[in-house]
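# Fold and contact review
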Amino acid sequence: MARRPLPRILSTGSAQIARSRELARTAADSATDVLHPLITMTRGLRRLASAGRRRWAETPKDKRGPLLFLVASVVLVVALVPYGPLLAVISLMAAAARQGRDRKPPEPDGPDESQTQRLQALYEALVPYFSAAEDPAPLYTHGGEWEKAFPAYEFDATGRITHLLVRYPAYFTDGEAESRARIEQLLHAKSGRGREYHFAWDEEGNELTLTVLAPLPTDIAAQRFVTAPGETVLGFTDPTQVQRTLPLGYGEAQRDVPPVVWRTGIRSTEPHLLVMGQPGSGTSTLLRSIALQALQYGDVVIVEGGGTGEYACLTGRDGVLAVECGLAGTLASLEWAATETERRLIAANRARQAGHPPPEDTKRPLWILLDRPSVFTHLAAAEGRKDPQSLLQVPLRHGRAANVTVVVADQFDGAEALSDAVRQHTRARVVLGPATPDQLEAFLGAPPHTTPVTDVPPGRGYARLGTGPVHRLQVPATPDPYDDATSEADRQAVLALLPERTTPADEETVPDPDRKPPAEAEPDTEPIPTEAVAVEAQ
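Residues numbered from 1 in each chain as written. Predicted model: local features only at pLDDT ≥ 70, side-chain atom pairs only at ≥ 80, totals over all residues. Heavy atoms only, no water.

### Notes on the overall build of the protein chain
The following threshold applies: Numbering goes from the N terminus for both helices and strands, where a helix is a DSSP run of H or I of at least four residues and a strand is a run of E of at least two. The classification of residues rests on relative accessible area computed with a 1.4 Å probe and restricted to protein chains. Under 20% of the type maximum is buried, over 50% is exposed, and intermediate values are partly exposed. In this analysis, two residues are considered to be in contact whenever any of their non-hydrogen atoms come within 4.5 Å of each other. The method behind every accessible area is Shrake-Rupley, applied with a 1.4 Å probe, and residues are considered shielded solely by the protein chains displayed.
A tally of helices and strands in the protein chain yields 15 helices and 16 strands. Classification of the 538 residues of the protein chain by burial places 38% in the buried group. Counting contacts in the protein chain only where the partners sit at least 6 residues apart, residues at least 24 apart contribute 64% of the total. In the structure as shown, the protein chain presents an accessible area of about 32700 Å², 55% of it carried by carbon and sulfur atoms.

### So, the side chain of T486
Selection criterion: Throughout this description, a polar contact denotes any pair of N or O atoms lying within 3.5 Å of each other; where both atoms belong to protein, one of them has to be capable of donating a hydrogen while the other can accept it, and for residues adjacent in sequence the pair is counted only when both atoms sit in side chains.
Note that T486 resides in the loop between β16 (471-474) and α14 (488-497). At 2.8 Å, the side chain of T486 and the backbone oxygen of D480 are in polar contact.

### Considerations on the confidence of the model for the protein chain
The following threshold applies: Here pLDDT means the predictor's own confidence in every residue, given as a number from 0 to 100.
Summing up the model confidence of the protein chain, the mean pLDDT is 84 and the portion of residues at 70 or higher is 86%. Of all helices and strands in the protein chain, the one with the weakest mean pLDDT is helix α15 (residues 530-537) (36), whereas strand β12 (residues 366-371) scores best (96). Between residues 508-538, whose pLDDT stays under 50, and residues either more than four places distant or in other chains, the model counts three contacts.

### A look at the pairing of strand β5 (residues 231-236)
We apply this condition: In this description, strands pair whenever DSSP reports at least two bridges between them.
In terms of residue burial, β5 counts as a mostly covered element, since six of its six residues are buried. Bridge count for β5 against strand β8 (residues 259-263) is five bridges, and the pairing is antiparallel. Residue pairing for β8: E231 is matched across the bridge by R263.

### Concerning the packing of aromatic side chains
Rules: Put simply, two rings from Phe, Tyr or Trp (the six-membered ring, in Trp's case) pair if the centres are within 6.5 Å, and we call them stacked under 30 degrees between planes, edge-to-face over 60, tilted for the rest.
Using the criterion set out here, one finds 12 aromatic pairs in the structure. Here the aromatic rings of F130 and Y168 are separated by 5.7 Å at their centres, their planes lie at 25°, and the arrangement is stacked. Here Y168 lies in the loop between β2 (161-167) and α7 (177-191) and F130 lies in helix α6 (residues 113-130), a separation of 38 residues in the sequence. No difference in accessibility class separates F130 from Y168, as the two residues are buried. When the ring of F172 is compared with that of W201, the centres are 6.2 Å apart and the planes differ by 15°; the resulting orientation is stacked. With a gap of 29 residues between them, F172 in the loop between β2 and α7 and W201 in strand β3 (residues 197-202) connect regions that are remote in the sequence. Each member of the pair, F172 as well as W201, carries the same accessibility label: buried. A connected cluster of aromatic rings, assembled from ring pairs, spans Y123, F130, Y140, F150, Y168, F172 and W201.

### Regarding the sheet that holds β2
This is how it is decided: In this analysis an axis means a line fitted to C-alpha atoms, helices contributing only their contacting stretch, and an angle means the value between N-to-C directions, from 0 to 180 degrees.
Taken together, the four strands give an open sheet; going across it, the order is β1-β2-β4-β3, and neighbouring strands pair in antiparallel fashion. A strand with exactly one partner marks an edge of an open sheet, and here the two such strands are β1 (152-155) and β3. Within the sheet, the average angular offset between the axes of one strand and its neighbour, ignoring direction, is 10°. Here five bridges tie β2 to strand β4 (residues 207-212), and the two strands are oriented antiparallel to one another. Counted as the bridge partner of V166 is L208 from β4.

### Notes on the packing of helix α9 (residues 327-353) against helix α11 (residues 393-402)
Here is the rule: Helix crossings fall into two classes, left-handed where the near helix is turned counterclockwise from the far one by less than a right angle and right-handed where it is turned clockwise. The nonpolar class holds Ala, Val, Leu, Ile, Met, Phe, Trp, Tyr, Cys and Pro. Asp, Glu, Lys and Arg form the charged class, and all remaining residues, Gly among them, are polar.
Where α9 contacts α11, the two axes come as close as 9 Å, and the packing angle between them is 40°. Considering how the two elements wind past one another, α9 and α11 form a crossing that is left-handed. Taking contact as the criterion, the partners of A337, A338, T341, E342, R344 and L345 in α9 are, on α11, V394, P395, H398, A401 and A402. When grouped by side-chain class, the residues that make up the contact of α9 with α11 number seven nonpolar, two polar and two charged.

Right, dumping it as structure tokens:
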């Protein structure tokens with residue numbers, strides 16, 4: 001069937017429509033400029049009439065008669081005075097023009113005196129770094145003009161800089177990390193401490209953009225996140241860093257927040273995670289959040305080295321294979337995890353060689369969560385026993401193929417006790433709590449593009465997945481529901497995500513639907529020899 005041609009107005013009239021819209025917009029602007037005095041006077045007359053009606057409504061009824069007599073007397077006097085009506089009309093128009101003016105305060109064309117002083121001081125501080133004696137037309141000179149160096153700027157209500165565009169000469173060594181760090185440190189100190197700044201370097205255009213970042217939300221409670229199997233939400237970050245948002249519930253309200261999603265499984269490039277932080281920074285909160293998400297699709301083994309009972313709420317839950325707090329139980333659980341990893345590898349390899357899909361018992365994810373394993377390292381050395389971290393080599397090395405994920409969380413004071421296998425195979429990294437730029441760069445492998453602050457809420461830090469960018473991170477509030485300091489709302493949010501408790505084996509036997517009942521022994525139809533009976537009797 002031949003296609004019908006579009007109407008001429010749709011195929012060739014787009015340019016004419018655009019020109020008509022431009023002419024109509026120009027005519028409207030011109031008419032507004034011409035009729036602006038009339039519009040102003042009309043607005044003033046309307047405001048005067050409203051004021052008169054309001055004054056009449058506020059006047060008591062017993063005083064309205066004298067008021068009418070006074071108004072009539074004034075009108076009579078004005079009518080009898082020479083040129084009175086003309087002067088009255090002129091006065092009324094002048095009052096209407098005054099009342100009809102736009103009462104919005106005019107926006108300042110530039111910064112005020114205090115803002116100008118701040119910009120000038122910042123300009124003078126950058127002169128030693130952005131100037132050279134050989135430059136014939138220097139952009140930065142002592143006592144120079146800051147307008148060319150700072151073409152765009154914004155201030156907050158307190159007079160501090162919130163956005164600044166800095167131009168610098170082309171000979172500045174912006175490709176060196178040390179040079180850029182000096183400029184960032186200077187801008188951070190001069191613009192105001194206690195805030196997080198984001199620095200965007202445009203090396204091609206010789207421009208640096210400074211932006212003050214808004215605090216990340218700390219009121220995100222634990223809940224079911226809209227994710228696919230194999231995706232784990234570590235926390236939430238800035239909207240400019242990721243291109244994905246998750247719908248989150250806040251009571252009856254709902255809003256979209258950009259997450260930091262960690263992907264695990266067979267095709268993951270960062271199959272294992274390492275979390276570091278200071279005491280009270282929220283590392284246990286992050287592990288608890290990961291455990292609640294992992295239990296939705298897999299099984300979990302938890303090893304707690306702190307001995308504070310942070311994971312007591314998960315004991316005996318469906319999918320929680322073990323929650324170990326002692327050295328003996330930890331060694332037994334990790335030995336089983338290593339053996340289970342090897343069994344999964346062998347079963348999957350045999351299935352592939354036979355041309356069959358992997359067995360079902362190798363597809364269910366297995367998570368091994370270790371909180372402060374360095375404590376067990378010291379205990380094992382004191383008792384002369386095997387280091388539990390040595391049992392993690394097999395799950396760390398072959399965990400991705402066996403669908404086994406290892407998450408290790410520890411503190412900076414125990415970082416030296418972490419084994420080489422843990423350091424080498426954990427490509428996903430998270431740092432929580434206050435940390436110096438050197439610590440962040442050494443642990444994450446790259447410096448963050450923001451300035452770290454010393455006073456941060458629990459669960460606040462940075463995350464880097466593999467060789468990706470460094471993200472600001474805020475872990476969702478997942479406290480221990482058995483802690484007395486936990487609020488009732490957070491306690492109920494965590495309890496709602498916990499799986500059902502499993503029935504103990506000594507109370508009730510739960511039949512396994514996947515296991516077939518054993519076949520009954522068939523009666524032996526062959527007759528028993530008489531000689532055997534006689535021997536048995538003797």
